[in-house]
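Residue-level listing of the chains:
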Amino acid sequence: MNSRISFFILLLFPCFLKAQMQQMNAAEIALGLAKLGVKGSVLYIAAHPDDENTRLLAYLAKEAKVRTGYLSLTRGDGGQNLIGNEQAELLGLIRTQELLAARNIDGAEQFFTRANDFGFSKTSDESFKIWGKEQILADVVWVIRKFRPDVIITRFPEDARAGHGHHAGSAILAREAFSAAADPKRFPEQLKYVQVWQAKRIVWNTFNFGSTNTTAADQLKMDVGLFNPLLGKSYGEIAAISRTNHKSQGFGSTLQRGEALEYFSHVAGDPAKNDLLDGVNTAIDNKEVATLLNQIQSNYRSNAPWLALPNLLKLKKLTQNTSFNHQLVDELILACAGIWVEANAPENSYAAGDTIPVRVQAISRVAATFPLSVTLNIGNKNTISLTPNKLSVTEAKVSSSASDLTQPYWLAKNHPIGQFVIASQQEVGYPENPKSLSIKLQLTINGEKIELDQPIVYKSTDPIRGEQYQPLVLAPTVTATLSEKAFMFNGTNAKTVTVQLKSFRNNSSGAVTPQLPKGWKSNPEKINFNLTRKGDEQTISFTITPGNETNSGNLDLQVNVNGAIDNKGLRTISYEHIPNITIFPQASARVEKIDLKIVGKRIAYIDGAGDLVADALKQIGYEVTRLSPAQVLTNDLSTYDAIVTGVRLYNINDEVKSIQPKLLSYVQNGGTLLIQYNVNNGLKMQNIGPYPFKLANKRVTEEDAKVTFLAPTHPALNYPNQITAKDFEGWVQERGIYFATDIDPKYTTIFSMNDTGETASDGSLLIADYGKGKFVYTSLVFFRELPAGVPGAYRLFANLLAPKQP
């Protein structure tokens, strides 16, 4: 090699945000070079995070080597959370990041529609009614037109075998979008940005789950359990590692090895006889390109990947006006050149609009004897030359704007129950914000340009976990965070509402003014603040008194900061398996005036999988003590008026076997034990009550379903609060889940309810006298209703906590 290779890197601001640069290892480079020789793409479509077949995705991306994507209609907002108390949109944010972590393992790309997971749905018709079918269909069509798959695969059938209305709906939408994407009369407004596209076929990836087997001998089948020697893992192993990222759903998976057959049923298009990609031209048509690719692959040396650079640069030039995989070519050039670039800020957060200091680090790791010259130009002001294997560091400043606020694009506006509000057509489909503060890298290599985008990140070193990267946060100047999402007022009694202020810029002063429903009053009417330094926090309090004109409404905080009006709070979600998530919700909370009586104030709460019920009880006057299982065994439980177990305690904690005898003894001696819902599968013990009952996957998903009172004179409906049908108004998402069945007659069943067209169930609330005390099991979703501020849910829960009546 006599030619000298020169790199010129131009850093600009701002640009599209992509994943942080990761150095490929030699095996990953070899796999990438092999993928260059394969055309074709496959799009997998289902309803939720964790619905996807990770084994098939890994096989398609890494063995078939086709471009592979997963379109999840929703972000899983309506699911349950086994790792914390986040619900709704907050859970959706967690599950979005879990999906991205999974895709980083199995090699597929991730997409979403604007559909909101509003909770379990029993029919596709109900799902379409709430989502708005035509809009979600348009989003599926958009992703197809943009991704341009040769083959579309659905996870579920279109009928009841799907097990969920969202599941069946995803299959229906996929089939309709298969045709609509090719029709210029359907959603023509999209054609300003994309072209129509006709996939070769759509198939259903049939399954054998539990008692439902939809596979058949005459279906197309493929063994996707192969071993990849480059990666040192089979696709079953890769799939399990990928799937284990769904930690919020408790989907830790065992690594699978050996043959694994996947089955496919034809839906539409040209039927496949032998392979999913039958009739799809996956070979490179251009003979010159194909010959060059063969040469690159055969000459590749894992211990000297930089030797592939001259031919990779030739390949880039040869394919520049074709539909070749240009992004992968660029990534492989960077990888073979050993290029690593990072831009990090010294602090984890700044106010949107600030000028941010950025440290740019770069290195080229090739053999010292390899003729390589790398020049790094930052904003056309600072140019440095990189010497092989020597880290270069330089400083820059980046100007942000007020519009750069760190806020997920789908949560930027208030939205109806069925779908998020997305401002721009071009944002549809992205898993994260398509634009964020970042650096654009322009490399010129022997006349060939490569453009990449690099995020500005925050880097720190943890004494236990080592070097850590987190997203850079761009915040409002001052945030005002309310302590609750709903405040309950007992009659006209005043309540103190606390607000946590935090400054993201020096010398931030102003005032906070509560905006209240008509007739409600705040004392004081506003509070001034002066936060001198960035990071300063201050807790302020308002005494809110309900009025007589309205019983409910919103408390909105108006924050005047240095003459500008804002209304944002702060919420950070932090788990080790995903990046930190920071959002700025509106500084708003629901306020409700209710008529509530409570009897017995001392409550012990044993946390389960995670919920906000204990905090809700504190708000209405209960003294709540959280007890660990160990404390249950050692403490005197007779000091508590009632004990409540958190959701799914009997699913997630092995220690329930040890504490159950003492809990039942507490009831026998006159206490009240209230156990919130558990799921039927995976119970740590079968007998969770003093008398037998079973749990089943039965639920009432219509939040306004009629509730029939089976025992109208029972104390649960009369003491200390008189419960009426009005107390079931305003419930959110659903009535109850995992109802009890096969109930021993010693229990009194309090309610009967059902979804439209279904048989009524009486398993939502069971109460039994046991010795001197009272045992309660409830499948009603108090864990959703209490934090949401539903008055009737508070009144009923207070009755359930009341001691047994003589």
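Everything below is about the structure shown above.
Cut-offs used in this document
Residues numbered from 1 in each chain as written. Predicted model: local features only at pLDDT ≥ 70, side-chain atom pairs only at ≥ 80, totals over all residues. Heavy atoms only, no water. Helix = DSSP H or I, 4+ residues; strand = E, 2+ residues; numbered from the N terminus. Buried < 20%, exposed > 50% of the residue type's maximum accessible area, 1.4 Å probe, protein only. Contact = heavy atoms within 4.5 Å. Polar contact = N/O pair within 3.5 Å; in protein donor to acceptor, adjacent residues only side chain to side chain. 1 Å grid on protein atoms, 1.4 Å probe; cavity = no way out; pocket = protein on both sides within 12 Å on 5 of 7 lines; lining within 4 Å. Points joined across faces, edges and corners; volume = space filled by probe spheres on them. Nonpolar A, V, L, I, M, F, W, Y, C, P; charged D, E, K, R; others polar. Salt bridge = Lys/Arg side-chain N within 4 Å of Asp/Glu carboxyl O. Pairing = 2+ DSSP bridges. Phe/Tyr/Trp six-rings, centres within 6.5 Å; stacked < 30°, edge-to-face > 60°. Arc of directions from axis to C-beta.

Student: Mind laying out the side chain of His 164, listing which residues take part and the relevant values?
Tutor: Counting through the fold element by element, His 164 comes out in the loop between strand S6 (151-154) and helix H6 (165-180). Residue class for His 164 comes out buried when judged on its relative accessible area of 12%. Setting aside chain neighbours within four positions, we find His 164 in contact with His 48, Gly 119, Phe 120 and Ser 121.

Student: Can you tell me about helix H1 (residues 26-36), naming the residues and giving the values?
Tutor: Buried residues dominate H1, accounting for eight of its 11 residues. Residues Ala 27, Ile 29, Ala 30, Leu 31, Gly 32, Leu 33, Ala 34 and Leu 36 constitute the buried set of H1. Contacts from the buried residues of H1 go to helix H2 (54-62), helix H8 (287-299), helix H9 (309-318) and helix H10 (326-336). With a side-chain oxygen positioned 3.1 Å from the backbone nitrogen of Ala 27, the residue opening H1 is Asn 25.

Student: Go over empty space enclosed by the protein, please, and point to the residues and values.
Tutor: Counting across every chain of the model gives one cavity of 30 Å³ or more. If you go around the largest cavity, you meet 14 residues; those closest to its centre are Gln 80, Asn 81, Gly 610, Val 647 and Phe 783. Tallied by class, residues from the lining of the largest cavity come to five nonpolar, seven polar and two charged.

Student: Requested: an account of the pattern of salt bridges, with residues and values cited.
Tutor: Under the defined criterion, the tally for this structure stands at 35 salt bridges. The closest approach of N and O atoms between Arg 67 and Glu 109, which form a salt bridge, is 2.6 Å. Within this pair, whereas Arg 67 is found in strand S4 (residues 67-72), its partner Glu 109 is found in strand S5 (residues 109-112), the two being separated by 42 residues in sequence. Among the residues examined, Arg 67 registers a relative accessible area of 37% and is labelled partly exposed. A relative accessible area of 29% places Glu 109 in the partly exposed class. Of the charged contacts, one joins Glu 734 and Arg 784 as a salt bridge, the two residues approaching to 2.8 Å between their closest N and O atoms. In this pair, Glu 734 sits in the loop between strand S42 (707-709) and strand S43 (740-741) while Arg 784 sits in helix H15 (residues 782-785), placing the two residues 50 residues apart along the sequence. Across the pair, Arg 784 and Glu 734 agree in class, each one buried. What you see here is one network of salt bridges that share partners, running through Glu 52, Arg 103 and Asp 106.

Student: Talk me through the pairing of strand S31 (residues 537-545); I want residue IDs and the actual numbers.
Tutor: Bridge count for strand S27 (residues 495-503) against S31 is eight bridges, and the pairing is antiparallel. Across the sheet, Leu 501 pairs through a bridge with Gln 538, a residue of S31.

Student: Could you give an account of the packing of aromatic side chains, with specific residues and numbers?
Tutor: All chains considered together, the criterion is met by 24 aromatic pairs. Ring centres 5.5 Å apart and planes at 70 degrees place the aromatic pair Phe 111 and Phe 147 in the edge-to-face group. Here Phe 111, found in strand S5, pairs with Phe 147, found in helix H5 (residues 133-147); they are 36 residues apart in sequence, far enough to count as distant. With relative accessibility at 16%, the residue Phe 111 sits in the buried group. For Phe 147, a relative accessible area of 3% corresponds to the buried category. Seen in terms of ring centroids, Phe 504 and Phe 584 are 6.5 Å apart; in terms of plane orientation they differ by 90 degrees. Their pairing is edge-to-face. Of this pair, Phe 504 sits in the loop between S27 and strand S28 (508-515) while Phe 584 is found in the loop between strand S35 (581-583) and strand S36 (588-594), placing the two residues 80 residues apart along the sequence. Pair check on accessibility: Phe 504 and Phe 584 agree, each one buried.

Student: Could you give an account of H9, naming the residues involved and the relevant values?
Tutor: Turning to H9, its buried residues are Leu 309, Leu 312, Leu 313, Leu 315 and Lys 316. Angular distribution of buried residues about the axis of H9 spans 155 degrees; they occupy a single face of the element.

Student: Break down the environment of Glu 52 for me, with residues and values.
Tutor: Relative to the helices and strands, Glu 52 is located in the loop between strand S3 (41-46) and H2. In this structure, the C-alpha to C-alpha distance between Glu 52 and Leu 71, residues 19 residues apart in sequence, is 8.9 Å. Every residue in contact with Glu 52, bar those within four places of it in the chain, is listed here: Tyr 44, Leu 57, Tyr 70, Leu 99, Arg 103, Arg 243 and His 246. Within the local environment of Glu 52, its side chain forms a polar contact with the side chain of His 246, the two groups lying 3.1 Å apart.

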